[in-house]
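# Observations on chain architecture
The lines below spell out each chain.
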Amino acid sequence: MADQFYMTQKGYEEAVARLKYLQTTKRAEIVERIAEARSHGDLSENAEYDAARSEQSANEGEIADLDYKVKNAVIIEESDDNSVVHIGSVVTVYDKELEEQTVYTIMGTTEADAVNNVISNESPVGAALLRHKRGDVVTVKAPDCEYELKILKIN
């Protein structure tokens, strides 16, 4: 069975738009740079050619990855149910050990943005929070440690 990638409708549309951009615009730009670099002669010592080929490889890898995710996307319905944490929830948690509160938004892997505390449902924190209620204390199993978070609020 194929992997499933949970996305909001908005996240799905953004992924499809990004895939289209990579397949058309960016791919064409890279091909043009490769052609330009080839016109400079000897490819064995052509850094411009090597850089364009590396970029082409990275682009094709991103296309393959994104295409797979879009084809295996599961669109999640937005829900107003704040009784339990689900994908799409905004969750305020308290870390007693660090004595701090943090607000996380739980999304699918394609929509995660750690810099803005938008975390994946598959991340250690996201997975620990899912299906729990306000007041629950969950154990986060991080790669190098375990710690507890108390759910203060679910929006």
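Shown above is the structure to which this text applies.
As the structure is a prediction and not an experimental result, all values here were calculated from the model.

## Some thoughts on the nonpolar core
In terms of nonpolar packing, the biggest core is built from 17 residues, with Val85, Val91, Val93, Ile106, Val125, Leu129 and Ile151 touching the most fellow members. Where this core is concerned, the elements lending two or more residues are strand S3 (90–95), strand S4 (100–107), helix H3 (124–129), strand S6 (137–141) and strand S7 (146–154). Once residues within four sequence positions are removed from consideration, Leu129 is found in contact with Val85, Val91, Val93, Ile106, Val138 and Ile151. In this structure, Phe5, Ala15, Leu19 and Val70 belong to the second largest nonpolar core, which totals 8 residues.

## Looking at the pairing of S4
Inspection of the sheet shows S3 paired to S4 by 6 bridges, in the antiparallel sense. Of the residues in S4, the one forming a bridge with Val93 is Thr102. In textbook terms, the turn of a hairpin is the stretch between consecutive antiparallel strands, and for S3 and S4 this stretch comprises 4 residues, one of which, Glu99, has a positive phi near 55 degrees. Strand direction decides the pairing type here: S4 and strand S5 (residues 118–120), joined by 3 bridges, are parallel. What sits directly across from Ile106, in S5, is Ile119.

## Topic: the packing of helix H1 (residues 9–38) against helix H2 (residues 47–71)
Helices that pack against each other are described as a pair by the angle of their axes relative to one another and the distance between those axes. Two elements in contact, H1 and H2, have axes whose closest approach is 9 Å; the angle formed by their N-to-C orientations is 160 degrees. For the element pair H1 / H2, the angle class is roughly antiparallel. Considering how the two elements wind past one another, H1 and H2 form a crossing that is left-handed. Class assignment of the residues belonging to the contact of H1 with H2 gives a composition of 14 nonpolar, 3 polar and 12 charged.

## Remarks on the sheet that holds S5
One open sheet accounts for 5 strands, arranged S5-S4-S3-S7-S6; its pairing is mixed. Each having just a single partner strand, S5 and S6 make up the two edges of the open sheet. Ignoring which end each strand starts from, the neighbouring axes of this sheet average 45 degrees apart. For S6 and S7, the ladder comprises 5 bridges, and the chain directions are antiparallel. From the neighbouring strand, Val138 faces S7, where its bridge partner is Leu149.

## Remarks on the environment of Val70
Structurally, Val70 is set in helix H2. Separated by 58 residues in the primary sequence, Val70 and Tyr12 place their C-alpha atoms 7.0 Å from one another. Here Val70 is in contact with Met7, Tyr12, Ala15 and Val16, once residues within four sequence places are set aside.

## A word on the pairing of S6
Of the two faces of S6, only one is covered, namely that formed by Val138 and Val140; the face formed by Val137, Thr139 and Lys141 stays uncovered. Connecting S6 to the antiparallel partner S7 that follows it, the hairpin turn spans 4 residues.

## Points about the pattern of salt bridges
Counted under the stated rule, the structure contains 6 salt bridges. Residue Arg33 pairs with Glu55 through a salt bridge whose shortest N-O separation is 2.6 Å. Placement of the pair is Arg33 in helix H1 and Glu55 in helix H2, with a sequence separation of 22 residues.

## Focus: H2
Compared with the 36 Å implied by 1.5 Å per residue over 25 residues, the 36 Å span of H2 between its first and last C-alpha is a close match. Among the residues of H2, those classed as buried are Tyr49, Ala52, Asn59, Ile63, Leu66, Lys69 and Val70. Buried residues along H2 sit against strand S1 (5–7), H1 and strand S2 (73–75). A distance of 3.1 Å separates the backbone nitrogen of Glu48 from a side-chain oxygen at the start of H2, and that oxygen is part of Asn46.

How each quantity is defined
- Along each chain, residues carry numbers from 1 onward, in the same order as the chain's sequence is written.
- Two thresholds apply to this predicted model, a pLDDT of at least 70 for residue-level local features and 80 or more for giving and counting side-chain atom pairs, whereas whole-chain, interface and lining totals are computed over all residues.
- To obtain the side-chain values, all non-hydrogen atoms of the structure were included, while hydrogens and water were left out.
- We call a set of buried residues a nonpolar core when its members are Ala, Val, Leu, Ile, Met, Phe, Trp, Tyr or Cys and they connect through side-chain atoms within 4.5 Å of each other.
- Relative accessible area decides the class of each residue, using a 1.4 Å probe on protein chains only: under 20% of the type maximum gives buried, over 50% gives exposed, and in between gives partly exposed.
- Strands are runs of DSSP state E lasting at least 2 residues, helices are runs of H or I lasting at least 4, and numbering of each runs from the N terminus.
- A contact between two residues is defined here by any heavy atoms of the two lying within 4.5 Å.
- Whether two strands pair depends on DSSP finding at least two bridges between them.
- Between N-to-C directions, angles span 0 to 180 degrees; the directions come from axes that are lines fitted to C-alpha atoms, helices contributing only their stretch in contact.
- For this classification, under 35 degrees means roughly parallel, over 145 means roughly antiparallel, 65 to 115 means roughly perpendicular, and everything else is oblique.
- Throughout, a crossing is termed right-handed when the near helix is turned clockwise from the far one, and left-handed when it is turned anticlockwise from it by less than a right angle.
- We call Asp, Glu, Lys and Arg charged. Ala, Val, Leu, Ile, Met, Phe, Trp, Tyr, Cys and Pro are nonpolar, and the rest, Gly among them, are polar.
- One side-chain nitrogen of Lys or Arg within 4 Å of one carboxyl oxygen of Asp or Glu is enough to make a salt bridge.
- Here the expected length of a helix is defined as 1.5 Å per residue gap, with one fewer gap than residues.
- What qualifies as a polar contact is a pair of N or O atoms within 3.5 Å, subject to a donor-acceptor requirement within protein and to the restriction that residues adjacent in sequence count only when both atoms come from side chains.

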